[in-house]
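Residues per chain, in single letters:
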Amino acid sequence: MIWRIAWRNLWRHRTRTVIMGSAVALIYGLTLVGLGINDDGHRRMLEEATAAAGGDVLVHDEGYWDTRASDRVIRRGPDVLETVRSQPGVRLAIPRVLVNGLVSTSAASSAVHLRGVDPELEARLTDPADDLVRGSFLAGERSDPIVLGARLVEKLELELGDRVVLTASDPGGELTRALFHLSGVVETGTRELDEMMGYTSIEAAREAVGMEGMLTQVGALAAEEVSVDALAAGLRTALGERADGLEVLTWREAVPEMVGFIELDDALGYLYMGILLVVVLFSITNTFLMAVMERVRELGLLNALGLRGERIGHLLLAETVLLTGLAMAAGFALGLGGHLAVDHWGISVAAWGLEEIEISGLDVADLVFYSTIDPAKWALASALVGVATVASALYPAWKAARLSPAEAMRFYE
Amino acid sequence: MSDEAATAPVVGPEGATWSEDALIRVRGVSKVYRQGELEVPALRGVDLDLAEGEFTAMAGPSGSGKTTLLNMIGALDSPTEGAVSVAGHDVGTLDRGEAADFRLDHVGFIFQAYNLVPVLTAYENAEFTLLLRGTPKEERRERVEGLLERVGLADMMDRRPPELSGGQQQRVAIVRALATHPDIVLADEPTANLDSGTSGELLDLMQELNRKLETTFLFSTHDETVIRRARRVIRLLDGRVDRVETRDEA
């Protein structure tokens, strides 16, 4: 009987019920869509951040990541690379020689961050050749190819095949010079990268700065079933026995700005949703209080007839549960529809006019957000919205339960 | 009180005699309402007995305490002083939950207006108290349909209150009040919003039910039609029993 009365009471003020239900449905649906977009955006950012960092876990000579000093090199490169490669949970180990130096032509000179890479291995993390706009990516027959960023090429007034001189310090601190030939031009869309980035083969880089048998960095990609932290811990143990003086960083430690951004973005997102939810809940509480005031005499009548106060409170809560159930069903449909639409068509960050934003060297404007369902987060959001909405009727229900029947029956007499 | 009715005071407010088998006993009941700093006395030391099967009216001007006394007897309110006993229960000492249970088990109410739950049909309103008491479905149907038929609403069971006239709504309320076979039916101005023809019909009905089912009725009323039909009339004035009149069968 309580549920029957509650259900019919809902439709006594159809417009009010529809407005209240729509508010809950909208906030719930938007929360789900927001979570989906957020999660997918963060997932992509993490992938990009991992790529930008060079792997899930990075191994360097101790202090390299902070100082980028040329003498901080992994002197037993093959040994360390093999140790990383053979570590359980490592999907891929990528060796790199990283050189900070100066590239010069007869026209100009400019700073360069040159990465000596194995193109095939790099392509399995993120393929730099995807950004190629001219020439080829280290694929020619030359032993001294160099691929430079588009802005750097423009500054140095270079054409494909032109000679470029690299000046850098070797691990002993001595200046070295090496000749390269421009084989390709990359354009990432990120000003900093396009002004400073360069690639060459790992062999050519070693030869240029006298690093035979040495590496600057080994990037490790974790197998799906292995957590990054567990992999880093395993590598620390494994490397600690073979090579003292190495540092093992997770990508989180390597690019803390990105982690901070994601955490801040998450916190702001939750705060925004929380504020929306609180506003909606206050309106629901207010509406239910109005509903109690409008029905004081009727609730008093029910009490006079023998319905206990707590059951009158239950009646109000039953109305809320029904309203919440309906609203959440509609909200879920809205959220699911929104998720499917966003996942199908995507939302481009560039369309929001954020072309200039970079985080940890990652060009945010390149991102197109899609949506990913995280069942645990959706369940948590559903529980929060459901519980909070029903909780918003607790005070009105308590008020209704405490009504004195004699006073209530005098109401509106 | 009509002249032709045979009236004679049996007991007065002072020196009252109390029957041992009274269904309702009111002893020295006072009620004071507080409005901020202001104390408004509604009842001032009322003593009253009511036997089972009576058809009694409480009459008096507005503010004389009729509804307040009815509320005390129906456990809708508790006295500031004194005691009210109904069917052996000291109703003034019941907590909220116990009072609700007491009303459900012992009292049937008929109010002046807004008497029915608007979202329930006539049948559902009439069976409401039976449902609360957990009466089995078949028994509920038997009692409610029988009573609705008796009050002439057999073909209106599925109508909701807005689809019923004032008189029809009061008939449903009477059925609801009687369906649980209460010890007493308390009716607060039951005819106030009805025309004289409908009032008369309802009073006929209640008198018939009083005779046949021996249900005790206590009215609070201004309505002379009701007062004329009552076998006992308790006149209240300024929160006190002014006089009690009894008469032969009306």
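Residues numbered from 1 in each chain as written. Chains lettered and ligands numbered in written order. Predicted model: local features only at pLDDT ≥ 70, side-chain atom pairs only at ≥ 80, totals over all residues.

**Brief notes about the overall build of chain A**
Quick reminder of the rule: For helices the rule is a DSSP run of H or I covering at least 4 residues; for strands it is a run of E covering at least 2, with both sets numbered from the N terminus onward. We call a residue exposed when 12 or fewer other C-beta atoms sit within 10 Å of its C-beta, buried when the count reaches 20 or more, and partly exposed for counts in between; the C-beta positions come from the backbone. In this description, a residue-residue contact is defined by the distance between C-beta atoms placed from the backbone, which must lie within 7 Å.
For chain A, the helix and strand inventory stands at 16 helices and 14 strands. Its C-alpha atoms give chain A principal-axis dimensions of roughly 100 × 50 × 30 Å. Evaluated residue by residue, chain A yields a buried proportion of 43% over its 413 residues. Residue pairs at least 24 apart in sequence account for 81% of intrachain contacts in chain A once pairs closer than 6 positions are excluded.

**Thoughts on the overall build of chain B**
Summing up its helical and strand segments, chain B has seven helices and eleven strands in all. Burial analysis of chain B (250 residues in total) assigns 45% to the buried set. Within chain B, contacts between residues separated by at least 24 positions form 70% of all contacts whose residues are at least 6 apart in sequence.

**A closer look at the domain arrangement of chain A**
Spelled out, the test is: Boundaries between domains were set according to an automatic or database domain assignment.
The domains assigned to chain A are domain 1 (2-50 + 258-410) and domain 2 (63-244). On a C-alpha basis, the centroid separation for the pair domain 1 of chain A and domain 2 of chain A is 50 Å.

**So, the sheet that holds strand 2 (residues 24-35) of chain B**
Sheet strands pair via backbone hydrogen bonds, and the direction of the pair is either parallel or antiparallel. All names here are of chain B. Stated precisely, the cut-off is as follows: For two strands to be treated as a pair, DSSP must find no fewer than two bridges joining them.
Spatially, four strands are ordered 3-2-5-6 in an open sheet, and the strand pairing comes out antiparallel. The open sheet has two edge strands with one neighbour each: strand 3 (38-50) and strand 6 (89-90). Both strand 5 (residues 81-86) and strand 6 contribute to a ladder of two bridges, which runs antiparallel. Note that in strand 6 the partner of Val86 across the bridge is His89.

**Structural notes on the packing of helix 13 (residues 309-345) of chain A against helix 15 (residues 394-401) of chain A**
Residue and element names in this part refer to chain A. Note the threshold: Lines fitted to the C-alpha atoms define the axes, with helices restricted to the stretch that makes contact. Angles between their N-to-C directions range from 0 to 180 degrees. The labels follow the angle: roughly parallel below 35 degrees, roughly antiparallel above 145, roughly perpendicular from 65 to 115, and oblique for the rest. Should the near helix be turned anticlockwise from the far one by less than a right angle, the crossing is left-handed, and should it be turned clockwise, the crossing is right-handed. Three classes are used: nonpolar for Ala, Val, Leu, Ile, Met, Phe, Trp, Tyr, Cys and Pro, charged for Asp, Glu, Lys and Arg, and polar for all others, with Gly counted as polar.
Direction vectors running N to C along helix 13 and helix 15 enclose 150 degrees, while the axes themselves pass 7 Å from each other. Considering their axes alone, helix 13 and helix 15 lie roughly antiparallel with respect to each other. Here helix 13 runs over helix 15; the crossing is right-handed. Taken together, the residues of helix 15 that come into contact with helix 13 (itself represented by Gly309, Glu310, Ile312, Gly313, Leu316 and Leu317) are Pro396, Ala397, Trp398, Ala400 and Ala401. Of the residues in the contact of helix 13 with helix 15, the class split is eight nonpolar, two polar and one charged.

**Side note on the interface of chain A and chain B**
Many authors give the size of an interface as the accessible area that is lost as the parts come together. Taken together, the contact pairs 19 residues of chain A with 19 residues of chain B. Contributions of two or more residues to the side of chain A that touches chain B are made by helix 1 (2-10), helix 12 (296-304) and helix 16 (405-410) of chain A. Considered class by class, the residues forming the side of chain A that touches chain B number ten nonpolar, four polar and five charged.

**Examining helix 6 (residues 196-213) of chain B**
Residue and element names in this part refer to chain B. Note the cut-off: Expected helix span is given by 1.5 Å per residue-to-residue step, counting one fewer step than there are residues. Note that the arc is computed from the directions linking the helix axis to the C-beta atoms.
Between its first and last C-alpha atoms helix 6 spans 25 Å; for 18 residues at 1.5 Å apiece the expected length is 26 Å, and the two agree. Every buried residue of helix 6 is listed here: Ser199, Leu202, Leu203, Met206 and Leu209. Angular distribution of buried residues about the axis of helix 6 spans 125 degrees; they occupy a single face of the element. Away from the buried face of helix 6 by more than 90 degrees, exposed residues Gly197, Asp204, Glu208, Arg211 and Lys212 are located. On its buried side, helix 6 packs onto helix 5 (166-179), strand 9 (216-221) and helix 7 (224-229). Residue Glu214 follows helix 6 closely and has a positive phi angle near 55 degrees.

**Some thoughts on the pairing of strand 4 (residues 55-59) of chain B**
Strand residues, when the strand is regular, have side chains that alternate between the two faces of the sheet. Residues and elements named next belong to chain B. Across the five residues of strand 4, five count as buried, placing the element largely inside the fold. Sheet topology places strand 4 next to strand 9; five bridges connect them, and they run parallel. The partner of Ala59 across the bridge, within strand 9, is Thr221. Here strand 4 runs beside strand 10 (residues 232-237); their pairing, made up of four bridges, is parallel. Its bridge partner being in strand 10, Met58 is matched across the sheet by Ile234.

**Digging into helix 15 of chain A**
Residues and elements named next belong to chain A. Among the residues of helix 15, Pro396, Ala397, Ala400 and Ala401 are the ones counted as buried. Within helix 15, the buried residues cover an arc of 140 degrees as seen down the axis, which keeps them to one side. In this structure, the buried residues of helix 15 make contact with helix 11 (256-294), helix 12 and helix 13.

**Quick notes on the packing of helix 1 of chain A against helix 13 of chain A**
Angle between the axes and distance between the axes are the two parameters that describe a pair of packed helices. Residues and elements named next belong to chain A. For the pair helix 1 and helix 13, the least separation of the axes is 8 Å and the interaxial angle reads 55 degrees. Between helix 1 and helix 13, the angle falls in the class oblique. Taken as a pair, helix 1 and helix 13 cross one another with a handedness that is right-handed. Taking contact as the criterion, the partners of Ile2, Trp3, Ile5, Ala6, Trp7, Asn9 and Leu10 in helix 1 are, on helix 13, Arg311, His314, Leu315, Ala318, Glu319, Leu322 and Leu323. The residue inventory of the contact of helix 1 with helix 13, partitioned by class, reads ten nonpolar, two polar and two charged.

**Things to note about the pairing of strand 3 of chain B**
All names here are of chain B. Relative to strand 3, strand 2 runs antiparallel, the two being bridged by nine bridges. Among the inter-strand pairings, Ile24 is bridged to a residue of strand 3, identified as Leu50. The hairpin formed by strand 2 and strand 3 contains two residues between the paired strands, and Gly36 there has a positive phi angle of roughly 65 degrees.

**Focus on unusual backbone geometry**
In most cases, non-glycine residues show a negative phi, while peptide bonds are predominantly trans. A positive phi angle, close to 55 degrees, is found at A:Arg68, a residue other than glycine. Within the secondary structure, A:Arg68 sits in the loop between helix 3 (64-67) and helix 4 (77-86). Accessibility expressed as a C-beta count within 10 Å gives 14 for A:Arg68, which makes it partly exposed. Phi is positive for B:His181, which is not a glycine, with a value near 55 degrees. Mapping B:His181 onto the fold places it in the loop between helix 5 and strand 8 (184-188).

**Digging into the environment of A:Ser371**
All names here are of chain A. Along the chain, Ser371 falls in the loop between strand 14 (368-369) and helix 14 (375-391). Residue class for Ser371 comes out buried when judged on the 24 C-beta atoms lying within 10 Å of it. Sequence-wise, Ser371 and Asp71 are 300 residues apart; in three dimensions their C-alpha atoms are separated by 44 Å. If we skip the residues at most four places from it in the chain, Ser371 touches Gly36, Ile37, Asp40, His339, Val342 and Asp343.

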